[in-house]
Amino acid sequence: MERIERHASHGGSQEVWKHASSTVGGDMKFGVYLPEAALRGQKCPVLYWLSGLTCTEQNFITKAGVQRYAAQHGIIVVAPDTSPRGTDVPDSPDYDLGQGAGFYVNATRDPWAEHFRMYDYVVSELPAVVEAGFAASEARSISGHSMGGHGALVVALRNPGRYRSVSAFSPIVAPSQVPWGEKALAAYLGDDREAWKQYDAVELVGNASERLPLLVEQGGGDEFLHTQLRPELLQAACEKAGQPLTLNVREGYDHSYYFIASFIGEHMAFHAKALA
């Protein structure tokens, strides 16, 4: 790995690292906040944060204000890029497909299949890199925003026992039923809608073998609320399955990082309790 940024923050260190990923077949970047205890070599739990469409590893670490809470609770926070990148990585002129829009799936359709394997990267390779390279314990939680909220819910639901807690801000809960998801899943996986279900939180809830409580934060003034996000679909699926869900609708808040920064402290406390 190569460290390409380092900034002192709240007694710890906000860093950005680059490494060669065998999963996506190219270099990947991730942000990592190391609280003071981790810098001293004391093993700390890890929160993985998955960002949304058009984001890189930079958006969350520069806009959410998470470092203050990570320092308070002694949690390492890891925020990877949202897709593979590079001149040899396929892309699209559309913001919601290709580089910056990996959707946290393992693509099976050309030209995406060679590099776009973000599901495996998040679930397997990235934690292995983090736990080998830093003072990170095997206690993990996961969260994310929008496309990344979709990724966090799917990853947690498909990997029982791997995460202590899961939360999401403005997640795409039913990608099989909304335009962003339909476009991405068709491009990356093909037209077989049965294959899409493995990356759809609403579809996964009913068959989940672990009832890990879900915490979802949603802005009531979000411009994408009724067209792309549709949290009521997740609420109905959870009620039917007996899946614990806390859905907070915050009136007046939109889809931006102003919303995330307003409630990231509550989410960090939620994860800290589970990680303790």
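Residues numbered from 1 in each chain as written. Predicted model: local features only at pLDDT ≥ 70, side-chain atom pairs only at ≥ 80, totals over all residues. Heavy atoms only, no water.

### Digging into the packing of aromatic side chains
- Taken as a whole and judged by the stated rule, the model has 13 aromatic pairs.
- Arranged with centres 6.3 Å apart and planes meeting at 90 degrees, the rings of Phe30 and Phe134 form a pair that is edge-to-face. Of this pair, Phe30 sits in strand E3 (residues 26-34) while Phe134 sits in the loop between helix H4 (118-133) and strand E6 (136-144); the two residues are 104 residues apart in sequence, bridging distant segments of the chain.
- Here the aromatic rings of Tyr119 and Tyr199 are separated by 5.8 Å at their centres, their planes lie at 75 degrees, and the arrangement is edge-to-face. Taken together, the residues Tyr119 in helix H4 and Tyr199 in the loop between helix H7 (193-196) and helix H8 (201-205) connect sequence positions 80 residues apart.
- Exposure remark for Tyr119: the relative accessible area of 6% places this residue in the buried category.
- We classify Tyr199 as buried; its relative accessible area is 3%.
- Each member of the aromatic cluster is reached from another via a ring pair, and the members are Trp49, Phe60, Phe169, Tyr253, Phe259 and Phe263. (Phe/Tyr/Trp six-rings, centres within 6.5 Å; stacked < 30°, edge-to-face > 60°. Helix = DSSP H or I, 4+ residues; strand = E, 2+ residues; numbered from the N terminus. Buried < 20%, exposed > 50% of the residue type's maximum accessible area, 1.4 Å probe, protein only.)

### Structural notes on the UniProt feature "active site" (unreviewed entry) in the protein
- Annotation from UniProt places "active site" (unreviewed entry) at Ser146, Asp222 and His255. A stretch of 110 residues holds the annotated residues, and the largest C-alpha distance among them is 11.0 Å, short enough that they meet in one place.
- One can find Ser146 in the loop between E6 and helix H5 (147-158).
- Here His255 lies in the loop between strand E9 (245-250) and helix H11 (257-275). (UniProt positions renumbered as here; feature names shortened; annotations may be inferred.)

### Some points on the environment of Asp94
- Looking at where Asp94 falls in the secondary structure, it is placed in the loop between strand E5 (76-80) and H4.
- Taking the C-alpha atoms as reference points, Asp94 and Tyr188, separated by 94 residues in sequence, lie 14 Å from one another.

### Description of the packing of helix H3 (residues 66-73) against H11
- Packing of H3 against H11 brings their axes to within 9 Å, and their N-to-C directions diverge by 25 degrees. By the angle between their directions, the pair H3 and H11 is classed as roughly parallel. The handedness of the crossing between H3 and H11 comes out as right-handed. Contacts between H3 and H11 involve Val66, Tyr69, Ala70 and His73 from the first element and Ile264, Gly265, Met268, Ala269 and Ala272 from the second.
- A class-by-class count of the residues in the contact of H3 with H11 yields 7 nonpolar, 2 polar and no charged. (Axes fitted to C-alpha atoms, helices over the stretch in contact; angles between N-to-C directions. Parallel < 35°, antiparallel > 145°, perpendicular 65-115°, else oblique. Left-handed = near helix turned anticlockwise from the far one by under 90°. Contact = heavy atoms within 4.5 Å. Nonpolar A, V, L, I, M, F, W, Y, C, P; charged D, E, K, R; others polar.)

### What to know about the nonpolar core
- Ranked by internal contacts, the top residues of the largest apolar core, which has 72 residues, are Phe30, Ile76, Val78, Phe103, Val130, Ile142 and Tyr188.
- In terms of residue count, the dominant contributor to this core is H4 (8 residues).
- Ignoring anything within four residues of it in the chain, the contact list for Ile76 reads Val32, Tyr33, Leu34, Pro35, Ala38, Cys44, Pro45, Val46, Leu47, Ala135 and Ala136.
- If you look at the next biggest cluster of nonpolar residues, it comprises 23 residues, including Phe60, Ile61, Val77 and Ala139. (Core = buried A, V, L, I, M, F, W, Y, C linked by side-chain atoms within 4.5 Å.)

### Side note on the side chain of Gln218
- Here Gln218 is to be found in strand E8 (residues 214-219).
- One polar contact links Gln218 to Asp222, side chain to side chain, over a distance of 3.3 Å.
- Here Gln218 is in contact with Ser170, Leu225, Leu229, Pro231, Leu247, Asn248, Val249, Arg250 and Phe259, once residues within four sequence places are set aside. (Polar contact = N/O pair within 3.5 Å; in protein donor to acceptor, adjacent residues only side chain to side chain.)

### A few points about the pattern of salt bridges
- Counted under the stated rule, the structure contains 13 salt bridges.
- Between Arg193 and Glu182 there is a salt bridge; the shortest N-O distance is 3.2 Å. With a gap of 11 residues between them, Arg193 in helix H7 and Glu182 in helix H6 (residues 179-189) connect regions that are remote in the sequence.
- Judged by its relative accessible area of 43%, Arg193 is partly exposed. (Salt bridge = Lys/Arg side-chain N within 4 Å of Asp/Glu carboxyl O.)

### Quick notes on H4
- Where H4 bends most, the angle comes to about 35 degrees, and this point is Glu125, followed within four residues by the proline Pro127.
- Met118, Tyr119, Tyr121, Val122, Val123, Glu125, Leu126, Pro127, Val129 and Val130 are the residues of H4 that are buried.
- In this structure, the buried side of H4 is in contact with strand E2 (12-21), E3, strand E4 (44-50), E5, E6 and H5. (Bend = angle between axes of the 7 residues up to and from the residue.)

### Overview of the environment of Gly12
- Relative to the elements of secondary structure, Gly12 occurs in strand E2.
- The spacing of Gly12 and Trp49 is 37 residues in sequence and 18 Å in space, taken between C-alpha atoms.
- The contacts of Gly12, once residues within four sequence positions are left out, are His7, Tyr33, Leu34, Pro35, Glu36 and Leu39.

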